[in-house]
Amino acid sequence: MYAPLQNDTFLKACLRQATDHTPVWLMRQAGRYLPEYCATRAKAGSFMGLATNVDYATEVTLQPLDRYPLDAAILFSDILTVPDAMGLGLSFALGEGPRFAKNVRDEAAVAALAVPDMDKLRYVFDAVTSIRKALHGRVPLIGFSGSPWTLACYMVEGAGSDDYRHVKSLMYSRPDLMHRILQINADAVALYLNTQIKAGAQAVMVFDSWGGVLADGAFQEFSLAYTKRVLDQLIRTHDGQTIPSIVFTKGGGLWLEEMNTLDCNVLGLDWTVNLGKARKAVGGLAGQPGKALQGNLDPNVLFAHASAIEKETHKVLDSFGTPHTDASTTGPTHIFNLGHGISQFTPPENVAVLVEAVHSHSRAQRASSSKA
């Protein structure tokens, strides 16, 4: 059904296998910083018009790959499709973030929640299959979802938030209701990701975008435990291929060693974490278990001039150090990414500088290591 994969560098790095360069992809790589994306979105009429149209979603997913030699594609969609399918009514006003027509703040609203019928999300799965075919094996396709906690934040607040007052009030005053929301979310996310895998996704990522707003203790109880519940239900192989899983918690560096207990292949890191220390803590040794690491350049570096972008990119690669290079076993590996999503104001030419710097410097790292 699908063309053979021509560039498996990203998947190999996810599985802690040796690669000849450090793979790179960017969170939100199909987005508003690209003029071609803005043109397609204008044709679609709205963000949801874009996300729910298979042809448009396929087109914008491939746009960054036509510009840059990236090592992976990521499904163009939104993290809030699951609560939308629960009947909360997702919309995007121009220039504003997502908003739900209904919020979940009391017993009646929680009682009405259920794992949605995946047919309501058929447009996502159709897009996955369409994108996978359109890639013709160029690079792997990543599917994704928001984490149970991050989805709950939007569901309770009704929109984005600066202080998370409603969701934290519910969490502290009625933990029973919060746990119920999170249980339903976790089971829905697991089913959603598994259906993406069956539709053609070759890796999946859980975005715990708001895990870092929680206090120590609350993070473990209300975020980590439910990310674990998702991972415990995930399909590990499909069509004879291993399906790697990635967990990214923005602000999660404090809990890196606890996140190491998750049954995932890769931990994503934001820019506050030192990659070298993270490698020592959770990266494992050659032939032993560990996590691949993904990240973690500050997205605002991409507003600097080319020489500064190259310098900061090299710093990130050097912080991790030379990845494992022995093809006969597994060991510490790195997937280059930003510490969060790319800004809509990023000059597109600066992304080209970044991708070239990752590929060239990471090859040089391995060459110098082999001579040592």
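Scoring rules and cut-offs
- Residues numbered from 1 in each chain as written.
- Predicted model: local features only at pLDDT ≥ 70, side-chain atom pairs only at ≥ 80, totals over all residues.
- Heavy atoms only, no water.
- Helix = DSSP H or I, 4+ residues; strand = E, 2+ residues; numbered from the N terminus.
- Rg over C-alpha atoms; globule rule 2.2 N^0.38 Å.
- Areas by Shrake-Rupley, 256 points an atom, 1.4 Å probe, with all protein chains shown as cover.
- Lys, Arg positive; Asp, Glu negative; His and termini not counted.
- Charge placed at Lys NZ, Arg CZ, Asp CG, Glu CD.
- Buried < 20%, exposed > 50% of the residue type's maximum accessible area, 1.4 Å probe, protein only.
- Pairing = 2+ DSSP bridges.
- Core = buried A, V, L, I, M, F, W, Y, C linked by side-chain atoms within 4.5 Å.
- Contact = heavy atoms within 4.5 Å.
- Salt bridge = Lys/Arg side-chain N within 4 Å of Asp/Glu carboxyl O.
- Axes fitted to C-alpha atoms, helices over the stretch in contact; angles between N-to-C directions.
- Left-handed = near helix turned anticlockwise from the far one by under 90°.
- Nonpolar A, V, L, I, M, F, W, Y, C, P; charged D, E, K, R; others polar.
- Polar contact = N/O pair within 3.5 Å; in protein donor to acceptor, adjacent residues only side chain to side chain.
- Arc of directions from axis to C-beta.

What is the right way to look at the overall build of the protein in this model?
In terms of helices and strands, the protein carries 15 helices and 11 strands. Taken over the C-alpha trace, the protein has a radius of gyration of 20 Å; the compact-globule value for 372 residues is 21 Å, and the two agree within 12%. The dimensions of the protein, computed from C-alpha atoms along their principal axes, are 65 × 45 × 45 Å. Summed over all atoms, the accessible surface of the protein reaches about 14700 Å², with 50% contributed by carbon and sulfur. Positive and negative side-chain charges of the protein, numbering 33 and 36 respectively, have mean locations separated by a distance of 2 Å.

Quick question: what am I supposed to make of the pairing of strand 5 (residues 203-208) here?
A regular strand places its side chains on the two faces of the sheet in alternate fashion. In terms of residue burial, strand 5 counts as a mostly covered element, since 6 of its 6 residues are buried. Judged by which residues are buried, strand 5 turns out to be covered on both faces: Ala203, Met205 and Phe207 on one side and Val204, Val206 and Asp208 on the other are all buried. Strand direction decides the pairing type here: strand 4 (residues 141-146) and strand 5, joined by 5 bridges, are parallel. Its bridge partner lying in strand 5, Ser145 is registered against Val206.

What is the right way to read the nonpolar core from this model?
Nonpolar side chains in soluble globular proteins tend to be buried together. Ranked by internal contacts, the top residues of the largest apolar core, which has 126 residues, are Phe10 and Met178. Among all residues touching Met178, those that are not within four sequence positions of it are Trp149, Ala152, Val156, Val167, Leu170, Met171 and Phe222.

When you look at the pattern of salt bridges in this model, what are you seeing that I'm missing?
A pair can form between side chains of opposite charge whenever their charged atoms are brought close. Under the criterion given, the structure shown has 11 salt bridges. Salt bridges sharing common partners tie together Glu107, Arg174 and Asp176.

Could you clarify how one ought to interpret the sheet that holds strand 8 (residues 245-249) in this entry?
The strands that make up a sheet are held in pairs by hydrogen bonds between backbone atoms, and each pair lies either parallel or antiparallel. Taking strand neighbours across the sheet as the criterion, the 7 strands line up as 1-4-5-8-9-10-11 in an open arrangement whose pairing is parallel. Bordering the open sheet on either side are strand 1 (73-74) and strand 11 (334-338), each of which pairs with just one other strand. The sheet contact formed by strand 10 (residues 292-297) and strand 11 spans 5 bridges and is parallel. Bridge pairing in strand 11 places Leu297 opposite Leu338. Against the sheet, helix 11 (residues 218-231) contacts strand 5 and strand 8, and its axis sits at roughly 165° relative to strand 8. In the packing of helix 13 (residues 275-282) onto the sheet, contacts are made with strand 9 (266-268), strand 10 and strand 11, and the angle to strand 10 comes to roughly 165°.

Just checking my understanding: could you explain the side chain of Thr333 for this structure?
In this structure, Thr333 sits in the loop between helix 14 (306-320) and strand 11. Overall, the relative accessible area of 3% leaves Thr333 in the buried class.

What exactly am I supposed to notice about the packing of helix 7 (residues 122-135) against helix 10 (residues 175-199) here?
Pairs of packed helices are described in terms of their axes, by the angle between the two and the distance that separates them. Across the interface, helix 7 lies against helix 10 with an axial gap of 8 Å and an inter-helix angle of 35°. Classified by chirality, the crossing of helix 10 by helix 7 is right-handed. Taken together, the residues of helix 10 that come into contact with helix 7 (itself represented by Val124, Phe125, Val128 and Thr129) are Tyr192, Thr195, Gln196 and Ala199. Residue composition of the contact of helix 7 with helix 10, by class: 5 nonpolar, 3 polar and no charged.

Mind showing me how you'd approach the side chain of Ser147 here?
With respect to the element layout, Ser147 can be found in the loop between strand 4 and helix 8 (148-157). Of the polar contacts made by the side chain of Ser147, one reaches the backbone nitrogen of Thr150; its length is 3.1 Å. Contacts of Ser147, omitting those with residues within four sequence positions, involve Val206, Phe207, Asp208 and Thr227.

Can you walk me through helix 9 (residues 165-173) in this structure?
One full turn of an α-helix is made of 3.6 residues, so residues set three or four places apart face in the same direction. Residues of helix 9 that are buried include every one of Val167, Leu170 and Met171, and no others. Angular distribution of buried residues about the axis of helix 9 spans 100°; they occupy a single face of the element. Away from its buried face by more than 90 degrees, helix 9 exposes Arg165, Tyr172 and Ser173. Contacts from the buried residues of helix 9 go to helix 8, helix 10 and helix 11.

This is a description of form; function is not addressed.
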